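Architecture and fold: a report
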Amino acid sequence: EQIELTPITNMFNYSDILIQGKINGQIIVAPLLREQYFTFDLRGEKIKANETAIGSLHALGGLDVSRAKLVFHKGSGINWDGAGIEVSGEWSLPENRIGSGYLKMKDAPLTWLNPILEGYCRDVTGYLNGSITVDENDNNTTVIKGNVSLNNLSATAEINGVTYKIPEGKILIDNNKFELP
């Protein structure tokens with residue numbers, strides 16, 4: 001109960017993004033001695049990344065230690081007053097690769113990207129809607145598809161200080177190709 005996220009972030013030795021906030025929930029490990037599988041149901045409120053307010057977090061899933069796979073079940077995601085991102089899928093940790101899954105965005109605030117884009121863009125605002133799916137085909141090749149709409153995007157490029165604005169836009173994702181119709 002009330003587990004602070006900052007020390008957990010520091011364990012991964014990733015200093016570019018500092019996650020702040022507290023989580024509650026449960027983590028179950030079974031069996032304890034070999035082929036461990038961690039099951040988790042964690043919730044956090046008032047989560048921040050580099051001082052950017054993210055909102056509430058729900059992580060529901062498991063970690064298969066022997067396969068080094070992290071799994072998020074339906075219902076996992078980030079929420080901010082009804083807006084947010086739902087995530088589900090399987091992530092291979094050694095390969096740093098998503099095997100299958102999806103992202104569903106509903107008025108997801110682009111301000112959430114500010115910590116990730118630090119050094120490239122600043123003051124990113126606007127909203128995302130749509131979905132992205134990731135699957136593997138018969139050749140074990142990742143296939144990514146999606147349809148995402150941008151609303152009221154504004155961002156200032158660090159390289160030249162110019163603010164760019166896109167009132168409305170669409171991004172069609174078909175495997176390794178992005179289309180801006």
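Let me begin by describing the structure that accompanies this report. (Residues numbered from 1 in each chain as written. Predicted model: local features only at pLDDT ≥ 70, side-chain atom pairs only at ≥ 80, totals over all residues. Heavy atoms only, no water.)

What the eleven strands build is an open sheet, ordered β1-β2-β3-β4-β5-β6-β7-β8-β9-β10-β11; its pairing is antiparallel. Looking along the sheet, the strands with just one partner apiece sit at the ends: β1 (3-4) and β11 (177-179). In terms of strand pairing, strand β7 (residues 97-109) meets strand β8 (residues 121-136) through seven bridges, oriented antiparallel. Bridge pairing links Leu 103 to Ile 132 in β8. (Pairing = 2+ DSSP bridges. Helix = DSSP H or I, 4+ residues; strand = E, 2+ residues; numbered from the N terminus.)

Below, the discussion takes up unusual backbone geometry. Leave glycine aside and you will find that most residues have negative phi; peptide bonds, for their part, are mostly trans. Positive phi values are uncommon outside glycine, yet Glu 51 reaches one of about 70°. Mapped onto the elements, Glu 51 comes out in the loop between β3 (37-49) and β4 (52-64). Phi is positive for Asn 152, which is not a glycine, with a value near 55°. If you trace the backbone, Asn 152 turns up in strand β9 (residues 142-157). For Asn 152, a relative accessible area of 51% puts it in the exposed group. (Buried < 20%, exposed > 50% of the residue type's maximum accessible area, 1.4 Å probe, protein only.)

This brings us to the environment of Leu 180. Looking at the element boundaries, Leu 180 is found in the segment after β11. A relative accessible area of 67% means that Leu 180 is categorised as exposed. Each C-alpha atom of the pair Leu 180 and Gly 169 lies 7.5 Å from the other, and the pair is eleven residues apart in sequence.

Moving on to the pairing of β4. Pairing of β3 with β4, which is carried by eleven bridges, proceeds in the antiparallel orientation. Among the inter-strand pairings, Ala 49 is bridged to a residue of β4, identified as Thr 52. Taking the residues that link successive antiparallel strands as the turn, the β3-β4 hairpin has two residues, and the phi of Asn 50 there is positive, at about 50°. Counting the residues between successive antiparallel strands, the hairpin from β4 to strand β5 (residues 69-80) contains four residues, one of them, Ala 68, with a positive phi of roughly 55°.

Using the criterion set out here, one finds eight salt bridges in the structure. Here Lys 48 makes a salt bridge to Glu 51, at a shortest N to O gap of 3.8 Å. On the basis of relative accessible area, Lys 48 is assigned to the partly exposed category, the value being 32%. A single salt-bridge network, built from bridges that share partners, covers Asp 64, Arg 67, Lys 69 and Glu 90. (Salt bridge = Lys/Arg side-chain N within 4 Å of Asp/Glu carboxyl O.)

What follows concerns the packing of aromatic side chains. A complete count under the given rule lists one aromatic pair for this structure. Note on Phe 40 and Phe 72: the rings are 6.0 Å apart at their centroids and 70° apart in plane angle, and the pair reads as edge-to-face. Of the two residues, Phe 40 is situated in strand β3 and Phe 72 in strand β5; the sequence distance between them amounts to 32 residues. Note on Phe 40: relative accessible area 11%, which makes it buried. Above the ring of Tyr 102, the side-chain terminus of Lys 104 is found at 5.0 Å from the ring centroid. (Phe/Tyr/Trp six-rings, centres within 6.5 Å; stacked < 30°, edge-to-face > 60°. Lys NZ or Arg CZ within 6 Å of the ring centre and 35° of its normal.)

Together, Trp 91, Leu 93 and Ile 98 give the surface a local cluster of nonpolar side chains, amounting to about 250 Å² of exposed area. Looking at the secondary structure, you find Ile 98 in strand β7. Overall, Ile 98 belongs to the partly exposed group, its relative accessible area being 44%. (Patch = residues over 30% accessible without salt bridge, like charges linked within 9 Å, V, L, I, M, F, W, Y side chains within 5 Å. Areas by Shrake-Rupley, 256 points an atom, 1.4 Å probe, with all protein chains shown as cover.)

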